[in-house]
Amino acid sequence: MATLPTSRISHPSPFELRLTDNPKAVWFPGQWETIEFVLSSTKPFIILGAPPGTGKTWIAIAVARLLQLRTIYLTSTKQLQDQYVDAGVTKVVGRGNFTCLIDPSLTAERGICTLSKCDYAGKHGAPGCTYFDQRRFAEEADDVAMNYAYARDDARTGSRAF
């Protein structure tokens, strides 16, 4: 596990960690102490359980950003993905969310790109397909939110992007 030297542990605000656009935002009670606990832990994994509204999303993102780690957040719901996006995390969504540029009556999931015959497909390097463009952007992002199905499909296809 990457560690952050204690001399670098300061008390940056949520705004300084790019969690919010509000420069006056402050930590909820106990959030910063939890972040410090996680940063000082020698455990390879930490499970954080807390009631809704306690700021678990901000804690997870803050720890990753303070450690300067590329992080992938897997979620089961679009609502939770959107919470990460609200905190500045890049969201990657599946082909079914994009219209096929070759045949607009289809989604990119059912379009010609699934047959690898589309000039817009990412592996050909041609920009223009909104699905492959957002995927390339997410592949270069420091932190990405996606659902379990996308991660499973990505792993099944042998992609090493995420």
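Asks: Give me the lowdown on the packing of aromatic side chains, citing residues and values where you can.
Replies: In the structure shown here, the tally under the stated rule is four aromatic pairs. Ring geometry for Trp27 against Trp58: centres 6.0 Å apart, planes inclined by 90 degrees, an arrangement best described as edge-to-face. Remark: Trp58 occurs in helix H2 (residues 56–66) and Trp27 occurs in the segment before helix H1 (31–40); sequence separation between them is 31 residues.

Asks: Quick one: what's the story with the sheet that holds strand E2 (residues 90–91), residue by residue and with numbers?
Replies: The strand order E1-E3-E2 describes an open sheet built from three strands, whose pairing is parallel. Because the sheet does not close on itself, it has two edges, and the strands there are strand E1 (71–75) and E2. As paired elements, E2 and strand E3 (residues 143–147) share two bridges and run parallel to each other. Bridging across to E3, Thr90 finds its partner in Val144. Sheet contacts for helix H5 (residues 148–156): E1 and E3; angle to E3, the most-contacted strand, approximately 100 degrees.

Asks: Go over the pairing of E1 with me, naming the residues and quoting the values.
Replies: Here E1 shows a clear split, with Thr71, Tyr73 and Thr75 buried on one side and none of Ile72 and Leu74 buried on the other. Across five bridges, E1 lies against E3 in parallel orientation. From the neighbouring strand, Tyr73 faces E3, where its bridge partner is Ala145.

Asks: Can you explain the pattern of salt bridges? Please cite residues and give values.
Replies: Within this structure, the stated rule accounts for four salt bridges. Note that Asp133 is salt-bridged to Arg136, the shortest N-O span being 2.5 Å. One end of the pair is Asp133 and the other is Arg136, both in helix H4 (residues 130–140) and three residues apart, which spans about a single turn. Given a relative accessible area of 30%, Asp133 falls into the partly exposed group.

The rules we used
Residues numbered from 1 in each chain as written. Predicted model: local features only at pLDDT ≥ 70, side-chain atom pairs only at ≥ 80, totals over all residues. Heavy atoms only, no water. Phe/Tyr/Trp six-rings, centres within 6.5 Å; stacked < 30°, edge-to-face > 60°. Helix = DSSP H or I, 4+ residues; strand = E, 2+ residues; numbered from the N terminus. Pairing = 2+ DSSP bridges. Contact = heavy atoms within 4.5 Å. Axes fitted to C-alpha atoms, helices over the stretch in contact; angles between N-to-C directions. Buried < 20%, exposed > 50% of the residue type's maximum accessible area, 1.4 Å probe, protein only. Salt bridge = Lys/Arg side-chain N within 4 Å of Asp/Glu carboxyl O.

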